[in-house]
Amino acid sequence: MKIFKEPKKLQKWCAAQKLAGKKIALVPTMGYLHEGHLSLIEKAKKKGADEIVVSVFVNPVQFGPGEDYEKYPRDEKADLAKCRAAGATAIFFPTPANMYLDCHSVYVCEEDLSKGLCGARRPGHFRGVCTVVAKLFNLTHPDFAVFGQKDYQQVQVIKRMVRDLNFDLDIVMAPIVREPSGLARSSRNTYLSAEEKEKALAISKNLLSLKASFSSGSRTTRRPSLATVAANIEKAGLRLDYLSCVDAKTLEPRKTVAKGCCVLVAAYDGKTRLIDNVLI
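Residues numbered from 1 in each chain as written. Predicted model: local features only at pLDDT ≥ 70, side-chain atom pairs only at ≥ 80, totals over all residues. Heavy atoms only, no water.

Undergrad: Is there a simple way to think about the pairing of strand E5 (residues 144-148) in this case?
TA: Residues in a regular strand project their side chains so that they alternate between the two faces of the sheet. Of all five residues in E5, four are buried, a share of seventy percent or more. Where strand E2 (residues 24-29) and E5 come together, two bridges link them in parallel fashion. Along E5, the bridge assignment pairs Ala25 with Phe144. Across five bridges, E5 lies against strand E6 (residues 170-174) in parallel orientation. Counted as the bridge partner of Ala145 is Ile171 from E6. The parallel pair E5 and E6, bridged by helix H7 (residues 152-164), forms a crossover whose chirality is right-handed. (Buried < 20%, exposed > 50% of the residue type's maximum accessible area, 1.4 Å probe, protein only. Helix = DSSP H or I, 4+ residues; strand = E, 2+ residues; numbered from the N terminus. Pairing = 2+ DSSP bridges. Right-handed = clockwise from strand over helix to strand, strands pointing away.)

If you want it as structure tokens, here you go:
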């Protein structure tokens, strides 16, 4: 497995692979890898990538004031071992200094799909996401990039950026990977105490119950309302940031849950902000 820390060296290597006719997949991450990240590598393998580049970069530009940039979990040694074992062929460990040069002044903004949900709660977040992902695309020139469904709004924003800025690649979304309890895998789960993890299960339990009510095939199945889901999550001791039903493609709000929608949750478990979603 190749290890890169300098953007130009990665770019040169990827250009050589493309010239040799190889198919490149990019898996962008912020590191502290878990089974969810590894499933993205597996997805890239199944889609026939010859080279799988995993980027590990805690991007300061997508964190707002008072957020957890400084304490975000990092473990470069473990990430290396996991990527090697999972079959990645290259890993990229840039630093903020070599990703954002002195007087960096160019950013990428998506101005429609990023307006609501996490975009409304975290001003500037998707500006940082689009900027760093665009840079990664330019460095690696992948045939496709793999992102996880847990960050559903992010996937839709990046798809729009790719479409509107004519990036020549496909965006692949891999399903959410959950812990045996049902909790969506997240690097931030490490912040949670055992008691907080137990409380957090109210998110996945209620979302999955809502999804199951549409999958049962019975028209008489009683479906929980969004108000019920919200009440159950708050009853568990979590603080809702938002619970929203949106069109799965446009992210436009929908008053009622129906097929073709995505139901998304962001909630605080103590000081930790967790997100999850289900596609109906």
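Still more ground to cover, so stick around.
Undergrad: I would appreciate a short explanation of the sheet that holds strand E1 (residues 2-4) in the present structure.
TA: Pairing in this open sheet of six strands is parallel, and the strands run E1-E4-E3-E2-E5-E6 from one edge to the other. One side of each edge strand has no neighbouring strand; the edge strands of this open sheet are E1 and E6. For this sheet, the mean angle separating the axes of adjacent strands, direction not counted, is 25°. As paired elements, E1 and strand E4 (residues 90-92) share three bridges and run parallel to each other. Paired with Lys2 across the two strands is Ala90, which belongs to E4. Its contacts with the sheet place helix H2 (residues 35-46) against E2, strand E3 (51-56), E5 and E6, and it is angled at close to 150° to E5. In this fold H7 packs onto E5 and E6, with an angle of close to 170° to the strand it touches most, E6. (Axes fitted to C-alpha atoms, helices over the stretch in contact; angles between N-to-C directions. Contact = heavy atoms within 4.5 Å.)

Undergrad: What exactly am I supposed to notice about the nonpolar core here?
TA: Here is a general trend for soluble globular proteins: nonpolar side chains tend to be buried in one another's company. One finds Phe137 and Ile171 to be the most contacted residues of the largest nonpolar core, which totals 44 residues. In terms of residue count, helix H6 (residues 125-140) provides more of this core than any other element does, nine residues in total. Excluding residues within four positions of it along the chain, Phe137 makes contact with Leu26, Pro142, Ala145, Phe147, Ile158, Met161, Val162, Phe167, Leu169 and Ile171. Counting 23 residues, the second-largest nonpolar core is a separate cluster that includes Leu201, Ala202, Val257 and Cys261. (Core = buried A, V, L, I, M, F, W, Y, C linked by side-chain atoms within 4.5 Å.)

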